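A look at the structure
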Amino acid sequence: MTDSVKYVLDESRLPKRWYNLIADLPSPPPPVLHPGTKQPVGPDDLAPLFPMALILQEVSTEREIDIPEPVREIYRQWRPSPLFRARRLEKTLQTPAKIYYKYEGVSPVGSHKPNTAVAQAFYNREAGVRKISTETGAGQWGSALAFAGALFGIEVKVFMVRVSYDQKPYRRAMMETYGAKCIASPSPETQSGRAILEKNKDHPGSLGIAISEAVEVAATNDDTKYALGSVLNHVLMHQTVLGQEAMAQLEMAGDYPDIIVGCTGGGSNFAGIAFPFIGAQLRGGRKVQVIAIEPAACPSLTRGKYAYDFGDTGHLTPLVKMHTLGSTFTPPPFHAGGLRYHGMAPLVSHCQELGLLTSKAYTQSEVFSAGVQFARAEGIIPAPEANHAVKGAIDEALRCKTEGTQKTILFNLCGHGHFDMQAYTDYFSGRLADQQYDEKELAMALAGLPSVGA
Ligand SMILES: Cc1ncc(COP(=O)(O)O)c(C=O)c1O
């Protein structure tokens, strides 16, 4: 057993419940506010956008929520996902650290995103919904919802951030294969998109803009609901199958993590791997060091302000308290499209404020260098987003080498990069420049934060 490489759980060990960290936190996260009244929103305010079952999960303080059997049945196709011990990477790094990674690239679309897409499509279908609109950055979330929509007979319309739409044409083809419609954002289809295009017809787009377009479609069509692939409490909760499985797999290995690393776009895969361990710690279990890794070109946790802000650029969403770069901030068009979001999940932000996690930012060339080193040792080619977690884990392993400590590191390899090979080609040909965000634009976006009384 001591030289095992892969820890696999039987289908019967698939988690039966999602875990809700809110139940174990010393204080609840600040409420979501109505942008007009600045008062906390109630379930009815969210009803035009989401089915009630998901709204109730969003505000739930229960520690666990049962995963419906039809969702578990679909999960079983790729879950429990494998946990690997990165033995060859450890050798390459000559580190005394033990490195484990949970691999979510085994899902049909190649990432963690179906864990929530399947659940969201299920609850929408239960509520009789036939059409859903959404946004996507790199295309992983759009593909995941397109896949889930196909399973539940729901029409899916995806607004894909323009720069990713151009960088990753096969993601669009994948969404279409599942029967979804994929539109480059900003688009002329919505008022939010047209307003942006009028100012700049070549706008690269951003997740904030694509969210506005998708929300607008749902808000203005009675037969359409909206789905978000990250950020919200219920989305983070759906991803906790990841951490729960990893906990059982590490038990098989006779280990427990000292350090947990994940990449953060909106925060869902990171929360999925880390929250079950943070919860165990809060209930008196072992302390874990939790590190969120984000892109230096879109550094919400490390450079953003912890303040109330809109979740979208067109200001159609409620106000949430989060680490934000300002809702009008457009990140430069770097390759980890799934991490180009101006804000962070309110729950992840709250955990940082509570001192339960720390964050770090890396440039795109350093994360690709780490991703290539990982691929050459472990064989799996990570998604550009996942390369951030790889770099974070490698740095911790090298720190162990310098300090001569044998720590156990767990990171989430949230997706493969098979649709992202252009980014690797650019990296090898020296065309993957480290793009800086515009400091003036950041200052302006932060100056424009909505004012909310103390
Ligand atoms: C592979 C991958 N990882 C990470 C992310 C970022 O999202 P989150 O922070 O919600 O996990 C995305 C988003 O599209 C993604 O495609």
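Preceding block: the structure.
Residues numbered from 1 in each chain as written. Predicted model: local features only at pLDDT ≥ 70, side-chain atom pairs only at ≥ 80, totals over all residues. Heavy atoms only, no water.

1. What about the side chain of His112?
Inspection of the secondary structure assignment puts His112 in the loop between strand 5 (98-103) and helix 5 (114-126). Leaving out residues up to four positions away in the same chain, His112 has contacts with Glu104, Gln239, Leu242, Ser268, Asn269 and Cys414. (Helix = DSSP H or I, 4+ residues; strand = E, 2+ residues; numbered from the N terminus. Contact = heavy atoms within 4.5 Å.)

2. Observations concerning the nonpolar core
Counting 49 residues, the largest nonpolar core has Leu89, Tyr101, Phe374, Phe411 and Leu413 as its most contacted members. The element best represented in this core is helix 17 (residues 384-403), accounting for 7 residues. Here Phe374 is in contact with Leu89, Tyr101, Gly379, Ile380, Pro382, Val390, Phe411 and Leu413, once residues within four sequence places are set aside. Core analysis: the second largest hydrophobic core is formed by 38 residues, Trp78, Val129, Met174 and Ala184 among them. (Core = buried A, V, L, I, M, F, W, Y, C linked by side-chain atoms within 4.5 Å. Buried < 20%, exposed > 50% of the residue type's maximum accessible area, 1.4 Å probe, protein only.)

3. Some remarks on the site of the ligand
Taken together, 16 residues surround the ligand, and among them Ser230, Gly265, Gly267, Ser268 and Asn269 come closest. With respect to the ligand, the backbone of Gly266 contributes an N or O atom lying 3.0 Å from an oxygen atom. Summarising the interface, the protein chains cover 98% of the accessible area of the ligand, which totals 380 Å² for the free molecule. Residues of the shell around the ligand, tallied by class, amount to 4 nonpolar, 10 polar and 2 charged. (Near = heavy atom within 4 Å. Polar contact = N/O pair within 3.5 Å; in protein donor to acceptor, adjacent residues only side chain to side chain. Areas by Shrake-Rupley, 256 points an atom, 1.4 Å probe, with all protein chains shown as cover. Nonpolar A, V, L, I, M, F, W, Y, C, P; charged D, E, K, R; others polar.)

4. Some details on helix 18 (residues 421-428)
Three or four residues apart is the spacing at which side chains of an α-helix point the same way, because the helix has 3.6 residues per turn. What helix 18 keeps buried is the set Ala423, Tyr424 and Asp426. Angular distribution of buried residues about the axis of helix 18 spans 160°; they occupy a single face of the element. Buried residues along helix 18 sit in contact with helix 16 (364-378) and helix 17. Backbone geometry just downstream of helix 18 places Gly430 in the positive-phi region, at approximately 75°. (Arc of directions from axis to C-beta.)

5. Observations regarding the packing of helix 12 (residues 241-253) against helix 13 (residues 268-282)
At a minimum axis separation of 7 Å, helix 12 and helix 13 run at an interaxial angle of 60°. Between helix 12 and helix 13, the crossing angle belongs to the class labelled oblique. Two packed elements cross with a definite hand, and for helix 12 against helix 13 that hand is right-handed. The residues of helix 13 that touch helix 12, namely those facing Leu242, Gly243, Gln244, Ala246, Met247 and Leu250, are Asn269, Gly272, Ile273, Pro276, Phe277 and Ala280. The residue makeup of the contact of helix 12 with helix 13, split by class, is 8 nonpolar, 4 polar and no charged. (Axes fitted to C-alpha atoms, helices over the stretch in contact; angles between N-to-C directions. Parallel < 35°, antiparallel > 145°, perpendicular 65-115°, else oblique. Left-handed = near helix turned anticlockwise from the far one by under 90°.)

6. Here we look at the sheet that holds strand 7 (residues 155-161)
If you trace the 4 strands from one edge of the open sheet to the other, you get 8-7-6-9, paired in parallel fashion. In this open sheet, the two strands that pair with only one neighbour each are strand 8 (181-185) and strand 9 (224-226). Taking each pair of neighbouring strands and ignoring which way they run, the sheet shows an average axis angle of 25°. The pairing of strand 7 with strand 8 spans 5 bridges and is classified as parallel. When the bridges of strand 8 are listed, Lys157 appears paired with Lys181. Lying over the sheet, helix 6 (residues 140-152) contacts strand 6 (131-136) and strand 7, oriented at roughly 160° with respect to strand 6. (Pairing = 2+ DSSP bridges.)

7. Some points on the packing of aromatic side chains
Scanning the model with the defined rule gives 18 aromatic pairs in all. On the numbers, 5.8 Å between centres and 55° between planes, the contact of Phe147 with Tyr178 is tilted. Placement of Phe147 in helix 6 and of Tyr178 in the loop between helix 8 (169-177) and strand 8 is noted, with a sequence separation of 31 residues between them. Just above the ring of Phe419 sits the side chain of Arg171; from NZ or CZ to the centre is 4.2 Å. Directly above the aromatic system of Tyr362 lies the positively charged group of Lys391, at a separation of 5.3 Å from the ring centroid. (Phe/Tyr/Trp six-rings, centres within 6.5 Å; stacked < 30°, edge-to-face > 60°. Lys NZ or Arg CZ within 6 Å of the ring centre and 35° of its normal.)

8. Considering the pairing of strand 5
Where burial is concerned, most of strand 5 is hidden: 6 out of the 6 residues are buried. What you see with strand 5 is no split at all: Lys98, Tyr100 and Lys102 on one side and Ile99, Tyr101 and Tyr103 on the other are buried throughout. By the bridge criterion, 3 bridges tie strand 4 (residues 83-85) to strand 5 in an arrangement that is antiparallel. Bridged to Arg85 within strand 5 is Tyr100. The sheet contact formed by strand 5 and strand 15 (residues 408-413) spans 6 bridges and is parallel. Counterpart to Tyr103 in the pairing with strand 15 is Leu413.

9. A word on the state of the cysteines
A full pass over the atoms with the stated rule returns 0 disulfides. You can see Cys263 has no disulfide; the closest cysteine sulfur is in Cys414, sitting 3.7 Å from it. (Disulfide = S-S within 2.5 Å.)

10. Remarks on the packing of helix 16 against helix 18
A packed helix pair is summarised by two numbers, namely the angle formed by the two axes and the spacing between the axes. Two elements in contact, helix 16 and helix 18, have axes whose closest approach is 11 Å; the angle formed by their N-to-C orientations is 105°. Relative to helix 18, helix 16 is oriented roughly perpendicular. From helix 16, Ser365, Phe368, Ser369, Val372 and Arg376 reach across to helix 18, where they touch Ala423, Tyr424, Tyr427 and Phe428. Among the residues forming the contact of helix 16 with helix 18, the class breakdown is 6 nonpolar, 2 polar and 1 charged.

11. Re the side chain of Thr324
Here Thr324 shows up in strand 13 (residues 319-324). Engagement of the side chain of Thr324 in a polar contact is seen with the side chain of Asp309, the distance being 2.7 Å. One polar contact links the side chain of Thr324 to the main-chain amide nitrogen of Gly326, over a distance of 2.9 Å. Leave out the neighbours within four places in its chain, and Thr324 touches Ser300, Gly304, Lys305, Ala307, Asp309, His342, Gly343, Leu446 and Leu449.

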